[in-house]
Amino acid sequence: MAYPRSRRASALVLDRGMGPLFVTPALLLLVVIVVGPFLYTIALSFTDLSYALPDHDGHFVGFDNYRRLVREDPVFWGSFKATLRFVFVAVGIEMILGFLIALVLANQLVRRRFVLTLVLVPMMIAPVAVGLIGKLMLQGEFGMLTYYLRWFGIMGEQTAMLSDPDLAMRAVVLIDIWQWTPFVTLVMLAGMLSLPREPFEAAIMDGAGRLRILWDMTLPLLRPIIGLVLLLRSIDAFKEFDKVFILTGGGPGTATELLSIYTWRVNFRDWDLGYGAVCAFMVYLIVLILCSVFYKVISRRDRMADR
Amino acid sequence: MDTLLSTRFRRRWRGGALALSLVLTLACSGKKDREAPRPEPATGSQAARPGVWTLEGAAAPYRGVTLRAIGESLPPLEAMAKLATQFEQQTGIKVEVEMYEHSEAVSKVMLDLNSHRGRYDFILQPHRELGRFVKNGHLKEVKSFMDNPALRDPSFKPEEQLFQRQWKEISWYDGKVYGFPFTALTMYLWYRKDLFEDPKERAGFKAKYGYEMKVPTTWKEYTDLAAFFHRPSERFYGTAIQGKRHEALWYEWLNFLYSFGGDMMETQTGSSCGPIIVNSPEAVASLDYYKSLIAYSPPDTLNYFWDDVMALMQQGKVFELLMWTDATYAVEDPKQSKVSGKMAFDLTPQDKGGKVGQIEGWSYLIPTDSKNPEAAYLFIQWMMGFERQRTQHLNGGSSARPDVYADPSVKALSYSKASVDTFAVARPKPTIPESPQITEILVRELSLALTGKKTSKEALDTAAAEMSKLLGACAPMKYPVN
């Protein structure tokens, strides 16, 4: 078969191994803005560099910073636990709510687009703005949400969510749910609408009930989508910074001091950059481990389902 | 030389990498740096005639220069920016001012100083940062400028014209002068004069407490007033503490600490290190007392910092609190405040520590990498002049010049006397390189104590241990932790 001249030429270029050449600029950019700083962070983590303390000019200190993190820094581990709690609770509720809303929307044929647009609004707001909105709503004096929580007797007159160490984390979780449930809904809905119709019609013909269809068909078919959303949301929640920073600054006490806030504090308040690099690297490592474990669990389930 | 170059290169790269990290990870400042073209200084001979110093003459070699400065976005800086146009008309030296929120103003300066970019010709920074700037070689001593007859205005005599204790704490380090006070700050008592003078309230108070209502000089009287006026059902509160996990909390607690006879370290000046006494019985008592005021504060008080309590006061929702000198202007400004003309100000109540306040302030400083240090000095010196200081003070500043407070227009301000009285008894706080970290440690522990997660003793013991570890041999714990 004779290719047109131009197509043949381009095929020859690719055949001669010129492809990678075209990818090089993108790779270089990636190296400069991702790989470079990452390697630099690792290198920094073995130094005593501090912008605050004199004579801490980046001398090599071996694993001292890592030792300090593991053995002598209860605040870091407190933040780690707080972050895990935040991720599990917030993402868990977002997944359930997002799925249920998507289910309702998938079965709603009238004005689905209009309702979906409304549902998506919180997701489109910048996280800093969400933090500010949340702060205003939960303000102890004139916050609208505070007013209704008191009016319904859910919260005492002398209680304010963001000032109460037991309620502050719930407030942060609540606002995260408000912001990110629409994302879960959107992806789940797209997944549901893309499912083939035939198996569902066959199930209905066979007399399967709604719950049965949901449990035995919708959920298994949506598993890859659910896995993807769960992974994306977990990673994102693990890095949460903006909203918490605006809402509570990590307080009261250490109630909402997530790892990202703690890492920021060490780096940009204490300017303890060697140790701050260890904290940042640990956050990366934890996310990496969680992701790989999670990915393995999902893919194993998929393989089992294929059998 | 090689070593110097390589160190500089490393620092530049680190600064750049950090700046990149900051942008990539936070990406929330929303303020873009502008790189304006920087005209070369005009050449030519010194215009001043021998024996006659003039600003125009001294500034002639720098005509056309643009100075870039950075500071906290508050009325004193806005006033300075307005005054700078007069300086430009007189000298041809332009001054561009970048204004940021407190923490951001500090962070941006740290990055600039460490990257050695020299973006700022002079900086305005809180004095707790002084030690780490000086010890890391980021600041120029201003003595060389002061000793230069071509630059020194003969009428500028800071040794006579400034509050000496304030100047030496805010702008000196290890006996060397690095700048001049941009603001001389302190905190004192604010209360509602209209309610205090209301005969009905006075009668009610006497009936309840058995003595005449008076300006509180003890913490018992302060509590009585807070308790009496605390009417949460009317959304009116006896007091409001700045309990958010923020440096405002530390600053506020220092008033109680000093008043109860405690301190953080046993030192005479901010630039020296000494035994840790932050967990002394006096310090624990001060924190216990501070915590007791939550009962008379708004429900959200543990999420308030200075802006929040200021807003509450301006809305007329609080009877009394402790607040900053440079915020007083805004509470007495009828355009911003419902309680303008209804306020009174006085010394902080006393305990074992007697009459006491805290020294605080922002300084004009010239970075080592400043591209126009002489022109910057000329501007700073000009700003320290009486007329500029008076204008800045009347527009929300807090001058370090005693003669400004003696001026009739300033004397007439309701808060002038309280400022001067408190300056006279104000105490220094650490300015050593570790002081910002000490602040962070204490803010965390104070916040934990306020939320009830730790007792006052536990929180201060932890703080003492961490501070001692941070400072090393120069700071043993005077009250060992079990």
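Residues numbered from 1 in each chain as written. Chains lettered and ligands numbered in written order. Predicted model: local features only at pLDDT ≥ 70, side-chain atom pairs only at ≥ 80, totals over all residues.

Q: Residues and numbers for the interface of chain A and chain B, please.
A: Across the boundary between the two partners, chain A contributes 33 residues, which contact 36 residues of chain B. Tallied by class, residues from the side of chain A that touches chain B come to 14 nonpolar, 12 polar and 7 charged. (Contact = placed C-beta atoms within 7 Å. Nonpolar A, V, L, I, M, F, W, Y, C, P; charged D, E, K, R; others polar.)

Q: Give a description of the packing of helix H13 (residues 281-292) of chain B against helix H22 (residues 456-471) of chain B that names residues and reports values.
A: Residue and element names in this part refer to chain B. One way to put it is that H13 packs onto H22 with a least axis distance of 9 Å and a crossing angle of 130°. Accordingly, the angle class assigned to the pair H13 and H22 is oblique. In this structure, H13 crosses over H22, and the sense of that crossing is right-handed. Here Ala283, Val284, Leu287, Asp288 and Lys291 of H13 come into contact with H22, specifically with Ser456, Lys457 and Leu460. Looking at the contact of H13 with H22 residue by residue, the classes come out as 4 nonpolar, 1 polar and 3 charged. (Axes fitted to C-alpha atoms, helices over the stretch in contact; angles between N-to-C directions. Helix = DSSP H or I, 4+ residues; strand = E, 2+ residues; numbered from the N terminus. Parallel < 35°, antiparallel > 145°, perpendicular 65-115°, else oblique. Left-handed = near helix turned anticlockwise from the far one by under 90°.)

Q: Provide a residue-level description of the environment of Leu109 of chain A, including the pertinent values.
A: As for its position among the elements, Leu109 of chain A is in the loop between helix H4 (74-107) and helix H5 (112-124). The spatial distance from the C-alpha of Leu109 of chain A to the C-alpha of Leu247 of chain A is 38 Å, given a sequence separation of 138 residues.

Q: Tell me about unusual backbone geometry, and name the residues and values.
A: Following Gly251 of chain A, the chain continues to Pro252 of chain A via a peptide bond in cis, the omega torsion being -5°. Note that Pro252 of chain A resides in the loop between helix H11 (242-247) and helix H12 (259-268). If you check the backbone angles, Asp55 of chain A has positive phi at about 70° while not being a glycine. Note on placement: Asp55 of chain A falls in the loop between helix H2 (19-44) and helix H3 (64-72). Positive phi outside glycine occurs at Arg235 of chain B, with the angle close to 60°.

Q: Tell me what's going on with the pairing of strand E9 (residues 343-346) of chain B, and back it up with residues and numbers.
A: Residues and elements named next belong to chain B. Residues Met343 and Phe345 point to one face of E9 and are all buried, whereas Ala344 and Asp346, pointing to the other face, are not buried. In this structure, strand E7 (residues 187-192) lies alongside E9, joined through 4 bridges in antiparallel fashion. Bridge pairing links Tyr191 to Ala344 in E9. (Buried ≥ 20, exposed ≤ 12 C-beta atoms within 10 Å, placed from the backbone. Pairing = 2+ DSSP bridges.)

Q: Tell me about the nonpolar core, residues and numbers included.
A: Ranked by internal contacts, the top residues of the largest apolar core, which has 180 residues, are Phe122 and Phe379 of chain B. With 9 residues, helix H12 (residues 247-259) of chain B is the largest single contributor of residues to this core. Residue-level mapping places this core at the junction of two domains, with at least three residues from each of domain 1 (7-14 + 54-185 + 360-413) and domain 2 (187-358 + 431-474) of chain B. Apart from residues no more than four positions distant in its own chain, Phe379 of chain B is found in contact with Leu67, Phe87, Ile93 and Val95 of chain B. The next biggest cluster of nonpolar side chains, apart from the first, holds 10 residues, and it includes Phe99, Leu105, Val184 and Leu189 of chain A. (Core = buried A, V, L, I, M, F, W, Y, C linked by C-beta atoms within 7 Å. Domains from an automatic or database assignment.)

Q: Let's hear about the domain arrangement of chain B: which residues, and what values?
A: All names here are of chain B. Domain boundaries assigned for chain B yield domain 1 (7-14 + 54-185 + 360-413) and domain 2 (187-358 + 431-474). With centres defined by C-alpha atoms, the gap from domain 1 to domain 2 works out at 30 Å. Facing the 19 residues of domain 1 at the interface are 14 residues of domain 2. If you tally residues by element for the side of domain 1 that touches domain 2, the top one is helix H5 (residues 130-135), at 4 residues. Of the residues in the side of domain 1 that touches domain 2, the class split is 6 nonpolar, 6 polar and 7 charged.

Q: Describe the sheet that holds strand E2 (residues 94-100) of chain B, and please don't skip the residues or the numbers.
A: Residues and elements named next belong to chain B. Pairing in this open sheet of 5 strands is mixed, and the strands run E2-E1-E3-E11-E6 from one edge to the other. With one partner strand each, in any of the chains shown, E2 and strand E6 (179-185) form the two edges of the open sheet. Recorded for the sheet is a direction-independent mean angle of 20° between the axes of neighbouring strands. Bridge count between E6 and strand E11 (residues 360-365): 6 bridges; the pairing is antiparallel. Among the inter-strand pairings, Gly179 is bridged to a residue of E11, identified as Leu365. The strands that helix H16 (residues 373-383) touches are strand E1 (66-72), E2, strand E3 (122-126), E6 and E11; relative to E1, the one it contacts most, it runs at about 55°.

Q: Could you give an account of the confidence of the model for chain B, with specific residues and numbers?
A: All names here are of chain B. Scored by pLDDT, chain B comes out at a mean of 89, with 89% of its residues at no less than 70. Low pLDDT (under 50) marks residues 1-12, which in the prediction has 8 contacts with non-local residues, meaning those over four places away or in another chain. The low-confidence segment residues 15-48, where pLDDT is below 50, has 43 contacts with residues more than four positions distant or belonging to other chains. This complex was scored by the predictor with a pTM of 0.85 and an ipTM of 0.81. (pLDDT = per-residue confidence, 0-100.)

Q: How would you explain helix H10 (residues 210-238) of chain A if you had to name every residue and give the values?
A: All names here are of chain A. Given a rise of 1.5 Å per residue, 29 residues ought to cover 42 Å, yet the end C-alpha atoms of H10 are separated by just 35 Å, more than 12% below that figure. Largest kink in H10: about 60°, centred on Arg223, with the proline Pro224 one to four residues after it. Three or more residues of H10 are buried, namely Leu222, Val229, Arg233, Ser234, Ala237 and Phe238. (Expected span 1.5 Å × (residues − 1). Bend = angle between axes of the 7 residues up to and from the residue.)

Q: Report on the sheet that holds E7 of chain B, specifying residues and quantitative values.
A: All names here are of chain B. Pairing within the open sheet is antiparallel, and its 3 strands lie in the order E8-E7-E9. Edge positions in the sheet fall to strand E8 (320-324) and E9, since each has one partner strand and no second. On average, adjacent strands in this sheet sit at an angle of 35° to one another, irrespective of strand direction. Sheet topology note: the E7/E8 ladder contains 5 bridges and is antiparallel. The residue bridging Trp190 from the neighbouring strand is Leu321, located in E8.

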